[in-house]
Amino acid sequence: MQVNTIHVKTGSPYDVQIGEGLLERCGAEVRKVAPKARVAAIVTDDIVAPLYADRVECSLIEAGFEVARHTIKNGEPSKCHETLIGIYSFLNKSGVTRSDLLIALGGGVVGDITGYAAATYLRGVAYVQLPTTLLAQVDSSVGGKTAVDIPEGKNLVGAFWQPKLVVCDVSALATLPKETFADGAAEVIKYGAIWDAELFKRLEQGALYSDTISVITRCIDIKREVVEKDEFDKGLRALLNFGHTLGHAIEAESGYTVTHGAAVAVGMVLIAQISQRMRLTDGINTKRLTACIARHGLKTETGYSMQELYPHCFSDKKCEGDSITLVLLHEIGMAFLYTAKNEDLKGILGIQ
Ligand SMILES: NC(=O)c1ccc[n+]([C@@H]2O[C@H](COP(=O)([O-])OP(=O)(O)OC[C@H]3O[C@@H](n4cnc5c(N)ncnc54)[C@H](O)[C@@H]3O)[C@@H](O)[C@H]2O)c1
Ligand SMILES: [Zn+2]
């Protein structure tokens, strides 16, 4: 059975494994990174639990762990302090100590909040990511960003806390709703657009569907390269925000009824159009990006005007003081950071 492994060399290094059927045999791998842990405390959500929690539990028990499980309600509204307090109580009740382990089993919501609980409970407990959405496998489970939302905005409270291990079981993607898979596809396309023209070409030919493991592995390897060079998000990591400034604006303007990936997909098209208008990229790149996004079941247009999206751009984390950093497209496979003065943003967005 093919298992790809990517070694991420951050301050605290770890492996990411990618393959099929890995959840039912994750116990032995988890044991290797936590030889002394007694308790493995699983946090999952109410959709993922009935699908995958039993097999993970069995495998952890076989590896000698005492297993506890906590199930949160699925969806973004759960990524909040109320849920976090529930997780802390669960950890306390389960007798988790500093030498034990948290296991995040689910999508990005479970991964982000479990990671943050791990970063903060007892001033830091080890954790393992078992991502079950495409987005979580290619993006949120790697890189050590953990977070919860507050009413004022998404991901505004968080910590950098690297996992001890990430296990991506590609078989788990089979149960994803089509729209949730497409959400992840937006991030996959992003990696090709900003970093790897060859990957992009393969995606244009349908490689995400025909060669899923190899595509996911390549995306994680790109994220590894970027994160290793900029663990604490002070420069290069901003490239991963391609399509995200306008994407976040669309999410916010829709009152979060448009999902992250769907919003980022449109954000990428809009920023490519802007790059083209600024004569920084050729029309063919915008065309290819738009067609590739459409081919993966994502919309390429929004009903919101730039006028409506503009105010949200300033609540983006990439906005500092009197300037904002945008990620513009040079060509397929190459994006770059462009810092604009706040007062120039209207002109860039094409607002009169
Ligand atoms: N930490 C980071 O670097 C980072 C990066 C990108 C996104 N994020 C965060 O990730 C979150 C979005 O992640 P997401 O898209 O995975 O959302 P999610 O965790 O809400 O999962 C989407 C839906 O799919 C369900 N699901 C999960 N796995 C399934 C499976 N295998 N089969 C069937 N259903 C399944 C979930 O229950 C949920 O209803 C956001 O909160 C975002 O802020 C974090
Ligand atoms: Zn994203």
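Model, not experiment: these values are computed from the prediction.

(A) Up close: the packing of aromatic side chains. By the definition in use, this model includes 4 aromatic pairs. Arranged with centres 5.2 Å apart and planes meeting at 85 degrees, the rings of Phe-160 and Phe-232 form a pair that is edge-to-face. Of this pair, Phe-160 sits in strand E8 (residues 153-160) while Phe-232 is found in the loop between helix H9 (212-229) and helix H10 (244-253), placing the two residues 72 residues apart along the sequence. Taking the relative accessible area as the measure of exposure, Phe-232 reaches 43% and is therefore partly exposed. Between Tyr-310 and Phe-314 the ring centres are 5.2 Å apart and the planes differ by 85 degrees, which places this aromatic pair in the edge-to-face class. A relative accessible area of 17% places Tyr-310 in the buried class.

(B) Expanded view of the nonpolar core. Ranked by size, the top nonpolar core spans 70 residues in total, and within it Val-16, Ile-18, Phe-242, Leu-246, Leu-289 and Leu-349 carry the most contacts. Two domains each provide a minimum of three residues to this core, namely domain 1 (3-175) and domain 2 (178-349). Sequence-distant contacts of Leu-289, defined by excluding residues within four places in its chain, comprise Ile-189, Ala-193, Phe-200, Phe-242, Met-268, Val-269, Ala-272 and Ile-332. Membership of the second largest hydrophobic core comes to 25 residues, among which are Ile-42, Leu-105, Leu-130 and Ala-172.

(C) View of the pairing of E8. Across 5 bridges, strand E7 (residues 145-150) lies against E8 in antiparallel orientation. Bridge assignment links Val-148 to a residue of E8, and that residue is Val-157. Linking two consecutive strands that pair antiparallel, namely E7 and E8, is a turn of 2 residues.

(D) Expanded view of the site of ligand 1. The immediate surroundings of ligand 1 are formed by 25 residues, with Asp-45, Glu-76, Thr-132, Thr-133 and Thr-175 found nearest. In this structure, Asp-45 approaches ligand 1 through a side-chain N or O atom, which is 2.7 Å from an oxygen atom. At 2.6 Å, a side-chain N or O of Thr-133 approaches an oxygen atom of ligand 1. Notes on ligand 1: free accessible area 880 Å², of which the protein chains cover 88%.

(E) The arrangement of the UniProt feature "domain: 3-dehydroquinate synthase N-terminal" (unreviewed entry) in the chain in detail. Mapped onto this numbering, the UniProt entry annotates "domain: 3-dehydroquinate synthase N-terminal" (unreviewed entry) at residues 71-182. Across residues 71-182 one finds 34% helix and 29% strand; the C-alpha atoms that close the span lie 25 Å apart.

(F) Structural context of the pairing of strand E6 (residues 126-131). Across the 6 residues of E6, 6 count as buried, placing the element largely inside the fold. Side chains Ala-126, Val-128 and Leu-130 project from E6 onto one buried face, and the interleaved Tyr-127, Gln-129 and Pro-131 project onto a second face that is buried too. Pairing of strand E5 (residues 101-106) with E6 involves 6 bridges; the strand directions are parallel. Paired with Leu-105 across the two strands is Leu-130, which belongs to E6.

(G) Quick look at the packing of helix H6 (residues 178-195) against H9. Contact geometry of H6 with H9 gives a least axis separation of 10 Å together with a crossing angle of 55 degrees. For the element pair H6 / H9, the angle class is oblique. Here the hand of the crossing between H6 and H9 comes out left-handed. Between H6 and H9, the contacting residues are Val-188, Tyr-191 and Trp-195 on the first element and Val-215, Arg-218, Cys-219, Ile-222, Lys-223, Glu-225 and Val-226 on the second. Classifying every residue of the contact of H6 with H9 gives 7 nonpolar, no polar and 3 charged.

Each value, and the rule that gives it
- Residues numbered from 1 in each chain as written.
- Chains lettered and ligands numbered in written order.
- Predicted model: local features only at pLDDT ≥ 70, side-chain atom pairs only at ≥ 80, totals over all residues.
- Heavy atoms only, no water.
- Phe/Tyr/Trp six-rings, centres within 6.5 Å; stacked < 30°, edge-to-face > 60°.
- Helix = DSSP H or I, 4+ residues; strand = E, 2+ residues; numbered from the N terminus.
- Buried < 20%, exposed > 50% of the residue type's maximum accessible area, 1.4 Å probe, protein only.
- Core = buried A, V, L, I, M, F, W, Y, C linked by side-chain atoms within 4.5 Å.
- Domains from an automatic or database assignment.
- Contact = heavy atoms within 4.5 Å.
- Pairing = 2+ DSSP bridges.
- Near = heavy atom within 4 Å.
- Polar contact = N/O pair within 3.5 Å; in protein donor to acceptor, adjacent residues only side chain to side chain.
- Areas by Shrake-Rupley, 256 points an atom, 1.4 Å probe, with all protein chains shown as cover.
- UniProt positions renumbered as here; feature names shortened; annotations may be inferred.
- Axes fitted to C-alpha atoms, helices over the stretch in contact; angles between N-to-C directions.
- Parallel < 35°, antiparallel > 145°, perpendicular 65-115°, else oblique.
- Left-handed = near helix turned anticlockwise from the far one by under 90°.
- Nonpolar A, V, L, I, M, F, W, Y, C, P; charged D, E, K, R; others polar.

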